[in-house]
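What follows is the residue order along each chain.
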Amino acid sequence: MRIELVELRTVQLPLVRPFRTSLGIEADKVALLLRVVGDGLEGWGECVAGAVPGYSSEYVVGAADVVRRFIAPGLLGAVDVCATDVARMFAPIRGHRMAKAAVELAVLDAELRGRDESLSRYLGAVNDKVPSGVSVGIADSIPELLDEVAGYVDAGYIRIKLKIEPGWDVEPVRAVRERFGDIPLQVDANTAYRLSDAPQLGRLDAFDLLLVEQPLGDEDLRQHAELARILRTPICLDESITSVETAADAIALEACRIINIKAGRVGGYLEATRIHDLARANGIAVWCGGMVETGLGRAANIALAALPGFTLPGDVSGSDRFFDEDITEPIVMTDGHVAVPNGPGLGVAPDPSALQRFTTHTEILRRP
Ligand code: SMG
Ligand code: MG
């Protein structure tokens, strides 16, 4: 398509409850949204960078700056842009995968709408609904955690993920196991441990967890491989997997048995499908991660999660897990599953009034 306009829009949505991880606590979701317009088409993308560079080095204002200064001029100056060209076009800009992923998604959404094809079909989805897991933040006390988990179990979520950190690991896991029995349960440390914590992490082996996600630093592939030889619980990598190349290295090193795929973290949905294919060919299970996305990114994640290698439930919860009101029609979890959107492109679009109310900043860039 010939892109005429690029819109950068920042939204801020209050969370239904603060979300605390080993990285910090957030009471609002701040997201950069991108809109591209051209050839009579419109496409939306959501950038998963957070308000602060905690989960990764990217952050909302930085991502907006990269798009404004280095990516939008390329998009607006090109005769024709295809979603499959975006990664190559902007490869000279190092890193900034979350920003690039959002751009690629917006172009892909517009293209797919133009030919009336859904993102799920384009990516190779084989399911029309996917199992819904939920990620539970660090609580102030075990009783409060159990109350929160009970709400999700009652609502029908079929897998629970507990955020952990040193000082909040074995006891919450034990309490959840005792109260809820053998529900599918896993934990996520967001890099909070060191290899020398292996004995403490080994105590989690008693609880038959599906996996322990990213216990060590994002650059510690070799140390994860060492930890994997000590733990019985399978290691799943999240932050460490930034591309198909790092996925290949992690697999070769036996640093993980499972990969959490987040399209934003790896530079886009196309790279995400390559990691899916590589993992599948190597007998590595994958599941779809979440970044507290609005309905836009959430819809795209559900499409990805419907690919055949996604054999574990993902962090693909209903919009109401995080938001009283979303900027799109809400994603609804029913009977432990969310429906894979089948409309053209993302299959959802922002509601103009909700979008307006949650917008904190808008910027429009046009073809010179
Ligand atoms: O979208 O359901 C969601 C959130 C899932 O826990 C979740 N994401 O490391 O996997 C992860 C975290 C990253 C976001 S919190 C910084
Ligand atoms: Mg994680």
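See the structure above.
Predicted model, so just to flag it, every value in this text is computed and none were measured.

Peer 1: Please clarify how the nonpolar core should be interpreted in this entry.
Peer 2: A general trend in soluble globular proteins is that nonpolar side chains are found buried together. Leu-162 and Ile-259 are the most contacted members of the largest nonpolar core, which has 129 residues in total. Top contributing element to this core by residue count: helix H3 (residues 97–114), with 10 residues. Leu-211, Cys-236, Trp-287 and Leu-312 belong to the second largest nonpolar core, which has 5 residues in total.

Peer 1: What's the story with the coordination of the magnesium ion (ligand 2) in this structure? I'm lost.
Peer 2: Where a metal carries four tetrahedral donors, each ideal angle is 109.5 degrees; where it carries six octahedral donors, the ideal angles are 90 or 180 degrees. Distances from the magnesium ion (ligand 2) to its protein donors, Asp-188 (OD), Glu-213 (OE) and Asp-238 (OD), fall within 2.1 to 2.3 Å. Each donor residue of the magnesium ion (ligand 2) lies on one chain, and together they are spaced D-x24-E-x24-D. In this pair, Asp-188 sits in strand E7 (residues 185–188) while Asp-238 sits in the loop between strand E9 (235–237) and helix H9 (244–253), placing the two residues 50 residues apart along the sequence. Judged by its relative accessible area of 1%, Asp-188 is buried.

Peer 1: Just to check I follow, could you spell out the side chain of Ser-240 for this structure?
Peer 2: Mapped onto the fold, Ser-240 is located in the loop between E9 and H9. With relative accessibility at 4%, the residue Ser-240 sits in the buried group. From its side chain, Ser-240 meets the backbone oxygen of Asp-218 in a polar contact 2.8 Å long. Filtering out sequence-adjacent residues up to four positions away, Ser-240 remains in contact with Gln-214, Gly-217, Asp-218, Leu-221, His-224 and Thr-246.

Peer 1: I would appreciate a short explanation of the site of ligand 1 in the present structure.
Peer 2: As a structural note, the neighbourhood of ligand 1 is formed by 18 residues, with Ser-135, Lys-161, Asn-190, Lys-262 and Val-292 the closest of them. Lys-161 has a polar side-chain atom sitting 2.9 Å from an oxygen atom of ligand 1. In the model, a nitrogen atom of ligand 1 is placed 3.0 Å from a nitrogen or oxygen of the Gly-290 main chain. Considered on its own, ligand 1 offers 440 Å² of accessible surface; in the complex 94% of this is hidden by protein. Residue composition of the shell around ligand 1, by class: 6 nonpolar, 4 polar and 8 charged.

Peer 1: I would appreciate a short explanation of the sheet that holds strand E14 (residues 359–366) in the present structure.
Peer 2: Strand pairing in a sheet takes place through backbone hydrogen bonds and is either antiparallel or parallel in direction. The antiparallel open sheet is built from 4 strands, whose spatial order is E3-E2-E1-E14. Of all the strands in the sheet, the pair left with one neighbour each is strand E3 (41–47) and E14. With strand direction ignored, the average angle separating the axes of adjacent strands in the sheet is 20°. Where strand E2 (residues 24–38) and E3 come together, 7 bridges link them in antiparallel fashion.

Peer 1: Help me understand the packing of helix H10 (residues 269–281) against helix H11 (residues 295–305) in this model?
Peer 2: Describing two packed helices takes the angle between their axes plus the distance from one axis to the other. Viewed as axis vectors pointing N to C, H10 and H11 meet at an angle of 30°, and their least axial separation amounts to 11 Å. Viewed along their axes, H10 and H11 adopt a mutual orientation that is roughly parallel. As H10 runs across H11, the sense of the crossing is right-handed. The segment H10 lies against H11, with Tyr-269, Ala-272 and Thr-273 engaging Gly-297, Ala-300, Asn-301 and Leu-304. In the contact of H10 with H11, the residues fall into 4 nonpolar, 3 polar and no charged.

Cut-offs and rules
- Residues numbered from 1 in each chain as written.
- Chains lettered and ligands numbered in written order.
- Predicted model: local features only at pLDDT ≥ 70, side-chain atom pairs only at ≥ 80, totals over all residues.
- Heavy atoms only, no water.
- Core = buried A, V, L, I, M, F, W, Y, C linked by side-chain atoms within 4.5 Å.
- Buried < 20%, exposed > 50% of the residue type's maximum accessible area, 1.4 Å probe, protein only.
- Helix = DSSP H or I, 4+ residues; strand = E, 2+ residues; numbered from the N terminus.
- Donors = N, O, S within 2.8 Å, 3.2 Å for Na, K, Ca; no water.
- Polar contact = N/O pair within 3.5 Å; in protein donor to acceptor, adjacent residues only side chain to side chain.
- Contact = heavy atoms within 4.5 Å.
- Near = heavy atom within 4 Å.
- Areas by Shrake-Rupley, 256 points an atom, 1.4 Å probe, with all protein chains shown as cover.
- Nonpolar A, V, L, I, M, F, W, Y, C, P; charged D, E, K, R; others polar.
- Pairing = 2+ DSSP bridges.
- Axes fitted to C-alpha atoms, helices over the stretch in contact; angles between N-to-C directions.
- Parallel < 35°, antiparallel > 145°, perpendicular 65-115°, else oblique.
- Left-handed = near helix turned anticlockwise from the far one by under 90°.

By themselves these figures say nothing about function.
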